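# Commentary on secondary and tertiary structure
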Amino acid sequence: MAGRFVRSSKYRHVFGKSTRKEFCYDNLRVSRNAWDTNLIKANPEFLSVNWEASGGGAFAVIPLAERGKIPDQIPLFRGHTAVVTDTDWNPFNDRIVASASDDGKVMIWHVPQGFSLFTDAEEPADVSPVAKLTGHTRKVGQVLFNPAADNILASASGDLSVKLWDITTGSAPLALKHSDIVQSLSWDASGTKLVTTSRDKKLRVWDVRQQRPAHEGPGHEGAKNSRVVWLGEQNRFATTGFSKMSDRQLALWEPGNNSPIGGFTTLDSISGVCMPFWDDSCNCLYLAGKGDGNIRYFEYENDKFEFLSEYKSVDPQRGVAFLPKRAVNVHENEVMRGFKTVNDSYIEPISFTVPRRAETFQSDIFPPATGGKAALSAEEWLGGKTALPPKIDFESIYEGNAPVEVASDYKPPAAAVAPTAAPASKPAQAKAPEPAVTPAASRAPAPSLRDQNRSMAAMADKYNDNEEDSDNESSSFEEISKPTPRSSVPATSQPVPSRTATAPAPKPASPVKATTFESRPPASAANHTPAAGASATVSSGSGVEESLEQIKKVLEQQTKMITSLTSEVESLKKRLGSGSQDQSERIRQLELELESLR
């Protein structure tokens, strides 16, 4: 509809771009286990994939550079005695990955140097774990590394507990007791709070080092699983779940409140869980539906999620992963990159890009983001310290250099641009009325008789079938010739040539107005000359008489023009014949104007 307000956003035109099949990761055997996890995880170097393997559980690690069809036999990460349910990469060491399994164990793995799926061996050697973390009594469903402290890992188990591990020592000094099975968990940016959803439809925000919930309240009312993601450094978290009528919902929460901000937002009626992913630097939320091929994305602003767009695909996905922000392709204006499983046989990369043609670094869409360096060690974190990890500046990555670290509380200088732009616009607004005052003074005199005659001639020209040149300043009728008025114009313009030059400046298309001003200066000049002396008074008196004679001649010529214009109107009537009603109305208007002139 007209006048519709469009919200301004740098990411309003972000679009998802799929990858051709030959550049995907093909010939995979993604696990068909029904446990609700993302099935795949990604970091800047590798993909981990829950594998459909016999003889115990296993998962595969795929180097991101090795695209295409992988061999039938690849080295797997074996060690669990039951199916692998989840994996997670260490955010500060791209070669360390943790895994959870139905066997109740958590294992830590190290990807060997030079690891590749393409080997000359007939039977590639499997990789063994470097540590086994035992303590859970039932299957472990999720594992998640702390985003600020190094080597701190959270694991959620069917024994209704979440354990916090120091993987360097293999101990679990902290545990969070729940009343039902945990379905999802997420850390805040500082790694001091953890939010969980569970099968009892409760949301819990934990002060993990105190081992107690800081807040507990109701979540989604539906019977199906719900997911949660903390919005990074914001004091907010988002959940996806279902209503009592099994509609998929999105909700925004503030810790400590039992009701979502703005209520529950209904997305659709698809039965698959929505997997949420948060981009903290761009404040964008991505929702990937399990069982459908779509990925929605929203921008968080003013305590609500503003819908941006949706990536649609006919290929459904069971697993989705997103790269850490530090791994995006800055040269392609890629703000996020995701991976989705297709038919449990291959993984397709999806690039989310801001469409821009500029060949320079786009600092406004790439604010600093969390880098690959931890804020605290495990000992410091367990000792009670709190800090945010340092961020990296993407411009250094764009230039091909090593990432430059900036302070964790660094804010981009984009906000400083607004005050600079505002003062620049104010002088422009202040100066704009000044030139407008000058034309106003030139338009102050009322239209003269000749102006009115010329405007009538211009209106009559509309009915002349465009036979005359539109740029011609004379009348549009062929029968009229006006030699005498043209000769009188330069005569009146001689006394005051300076005003002839200035008068047409505001409106170059109206030379007749110049004639009007030219006919007045002699009188005005006469009013000023007496001050010069007696001799000037005599000469000015004769000048006044000459000017009056000229004015009389002009009036006589205008009377003749009115008469001739009347005959022109009559001839125009004859030429038009039985014209349209609009044309006849126009002629009547011309007649009325002529009558007023008389």
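Residue numbers restart at each chain and count upward from 1, following the sequence in its written direction. With pLDDT at 70 or above as the cut-off, local features in this predicted model cover only qualifying residues; side-chain atom pairs require 80 or more to be listed or tallied, and sums for whole chains, interfaces and linings still use all residues. Side-chain descriptors were evaluated using all non-hydrogen atoms of the structure, hydrogens and water having been removed beforehand.

Put simply, DSSP H or I for four residues or longer makes a helix, DSSP E for two residues or longer makes a strand, and each gets a number counted from the N terminus. Looking only at helices and strands, the chain features eleven helices and 33 strands. Think of it in three bands: with a 1.4 Å probe and only protein chains considered, a residue is buried below 20% of the maximum accessible area for its type, exposed above 50%, and partly exposed in between. Evaluated residue by residue, the chain yields a buried proportion of 46% over its 598 residues. By the convention used here, residues are in contact when the closest approach between their heavy atoms is within 4.5 Å. The contacts in the chain between residues at least 6 apart in sequence include a share of 53% that link residues at least 24 apart. For accessible areas, the Shrake-Rupley method is used with a probe of radius 1.4 Å. Any residue's cover is judged against the shown protein chains and nothing else. As displayed, the chain offers around 29600 Å² of accessible surface, 51% of which is attributable to carbon and sulfur atoms.

To continue, consider the sheet that holds strand β31 (residues 369-370). For two strands to pair, DSSP has to find at least two bridges joining them. Sheet architecture is open: three strands sit in the order β31-β32-β33, paired in antiparallel fashion. Looking along the sheet, the strands with just one partner apiece sit at the ends: β31 and β33 (404-406). Bridge count for β31 against strand β32 (residues 391-393) is two bridges, and the pairing is antiparallel. Looking across to β32, one finds that Ala369 is bridged to Ile392.

Moving on, we get to the sheet that holds strand β25 (residues 284-289). The antiparallel open sheet is built from four strands, whose spatial order is β24-β25-β26-β27. The open sheet has two edge strands with one neighbour each: β24 (274-279) and β27 (304-311). For this sheet, the mean inter-axis angle between neighbouring strands, taken without regard to orientation, is 25°. Where helices are involved, their axes are fitted lines through C-alpha atoms of the stretch in contact, as for all axes, and angles between N-to-C directions lie from 0 to 180°.

With that out of the way, let us pick up the packing of aromatic side chains. Any pair of Phe, Tyr and Trp rings, taking the six-membered ring for Trp, is counted once the centres come within 6.5 Å. Such a pair is stacked with planes under 30 degrees apart, edge-to-face with planes over 60 apart, and tilted for the rest. Scanning the model with the defined rule gives 24 aromatic pairs in all. Ring centres of Phe59 and Trp109 lie 5.3 Å apart, and the angle between their planes is 90°; on these two criteria the pair is classed as edge-to-face. With Phe59 in strand β5 (residues 58-63) and Trp109 in strand β10 (residues 106-110), this pair connects stretches of sequence that are 50 residues apart. Residue class for Phe59 comes out buried when judged on its relative accessible area of 0%.

Right, let's talk about the pattern of salt bridges for a bit. A side-chain nitrogen of Lys or Arg and a carboxyl oxygen of Asp or Glu constitute a salt bridge if their distance falls within 4 Å. Inspection of the entire model under this criterion finds 27 salt bridges. Notably, a salt bridge pairs Asp200 with Arg204, separated by 2.8 Å at the nearest N-O pair. Residue Asp268 is joined to Arg296 by a salt bridge in which the shortest nitrogen-to-oxygen separation is 2.6 Å. Pair noted here: Asp268 is in strand β23 (residues 265-268) and Arg296 is in strand β26 (residues 295-301), with a separation of 28 residues, a long-range link.

Once that is clear, we can look at the pairing of strand β16 (residues 182-187). When you tally the buried positions in β16, you get six out of six residues, the bulk of the element. Connecting the antiparallel pair β16 and strand β17 (residues 193-198) is a turn made up of five residues, with Gly191 showing a positive phi of about 70°.

Let us look at the side chain of Asp188. Within the fold, Asp188 resides in the loop between β16 and β17. You can call Asp188 buried: its relative accessible area is 6%. Under the rule applied, a polar contact is a pair of N or O atoms within 3.5 Å (in protein, one hydrogen donor and one hydrogen acceptor; residues adjacent in sequence only if both atoms are side-chain atoms). In terms of polar contacts, Asp188 uses its side chain to reach the side chain of Ser190, at 2.9 Å. A polar atom in the side chain of Asp188 sits 3.0 Å from the backbone nitrogen of Gly191.

Moving on, we come to the side chain of Asp103. Here Asp103 shows up in the loop between β9 (96-101) and β10. Charge assignment: positive for Lys and Arg, negative for Asp and Glu; neither His nor the chain ends contribute. Summary of buried charges: Asp103 has no salt-bridge partner, and the nearest side chain of opposite charge, Lys105, is 5.2 Å away. At a separation of 3.1 Å, a polar atom in the side chain of Asp103 contacts the side chain of His80. Among the polar contacts made by the side chain of Asp103, one reaches the main-chain amide nitrogen of Lys105 at a distance of 3.0 Å.

Another point: the pairing of strand β18 (residues 202-207). Consecutive side chains along a regular strand alternate between the two faces of the sheet. Two strands pair when backbone bridges link them, and β17 and β18 are joined in this way by five bridges, in the antiparallel orientation. Within β18, the position partnered with Leu194 by the bridge is Trp206. In textbook terms, the turn of a hairpin is the stretch between consecutive antiparallel strands, and for β17 and β18 this stretch comprises three residues, one of which, Lys201, has a positive phi near 65°. Sheet analysis places β18 next to strand β19 (residues 212-218), joined by six bridges and oriented antiparallel. Bridging from a neighbouring strand, Lys202 pairs with Pro218 of β19. Adjacent in sequence and paired antiparallel, β18 and β19 are bridged by four residues, among which Gln211 carries a positive phi angle near 55°.

Position of Lys312 among the secondary structure elements: in the loop between β27 and β28 (320-322). Here the alpha-carbon distance between Lys312 and Asn294, two residues 18 residues apart in the chain, equals 4.4 Å. Aside from chain neighbours lying at most four places away, what touches Lys312 is Gly293 and Asn294.

All right, on to a nonpolar patch on the surface then. Patches draw on residues past 30% relative accessible area with no salt bridge. Two like charges within 9 Å are joined, as are two nonpolar side chains (Val, Leu, Ile, Met, Phe, Trp, Tyr) within 5 Å. Taken together, the side chains of Leu548, Ile551 and Leu555 make up a nonpolar region of the molecular surface, amounting to roughly 260 Å² of accessible area. Considering the arrangement of structural elements, one finds Ile551 in helix α10 (residues 534-576).

Positive phi values are uncommon outside glycine, yet Asn151 reaches one of about 65°. Checked against the element boundaries, Asn151 lands in the loop between β12 (140-145) and β13 (152-157). The backbone of Asn333 sits at a positive phi, close to 55°, despite the residue not being glycine. The topology assignment puts Asn333 in the loop between β28 and β29 (334-342).

Along the polypeptide, Ala375 turns up in the loop between β31 and α1 (378-382). The spacing of Ala375 and Pro390 is 15 residues in sequence and 6.7 Å in space, taken between C-alpha atoms. Beyond its immediate chain neighbours, meaning those up to four positions away, Ala375 contacts Ala148, Glu380, Ala387, Leu388, Pro389 and Pro390.

Before going further, it helps to spend a moment on the confidence of the model for the chain. pLDDT gives the predictor's per-residue confidence on a scale running from 0 to 100. Confidence in the prediction for the chain averages 80 pLDDT; 74% of positions are at 70 or higher. Note on residues 414-447: pLDDT under 50 across the span, and eight contacts to partners over four residues away in sequence or across chains. Confidence over residues 462-540 falls short of pLDDT 50; this stretch has 71 contacts with residues more than four positions distant or in other chains.

On to the environment of Gly372, then. Looking at where Gly372 falls in the secondary structure, it is placed in the loop between β31 and α1. By relative accessible area, which is 39% here, Gly372 ends up partly exposed. Between the C-alpha atoms of Gly372 and Asn93, which are 279 residues apart in sequence, the distance is 7.5 Å. Setting aside chain neighbours within four positions, we find Gly372 in contact with Pro91, Phe92 and Arg326.

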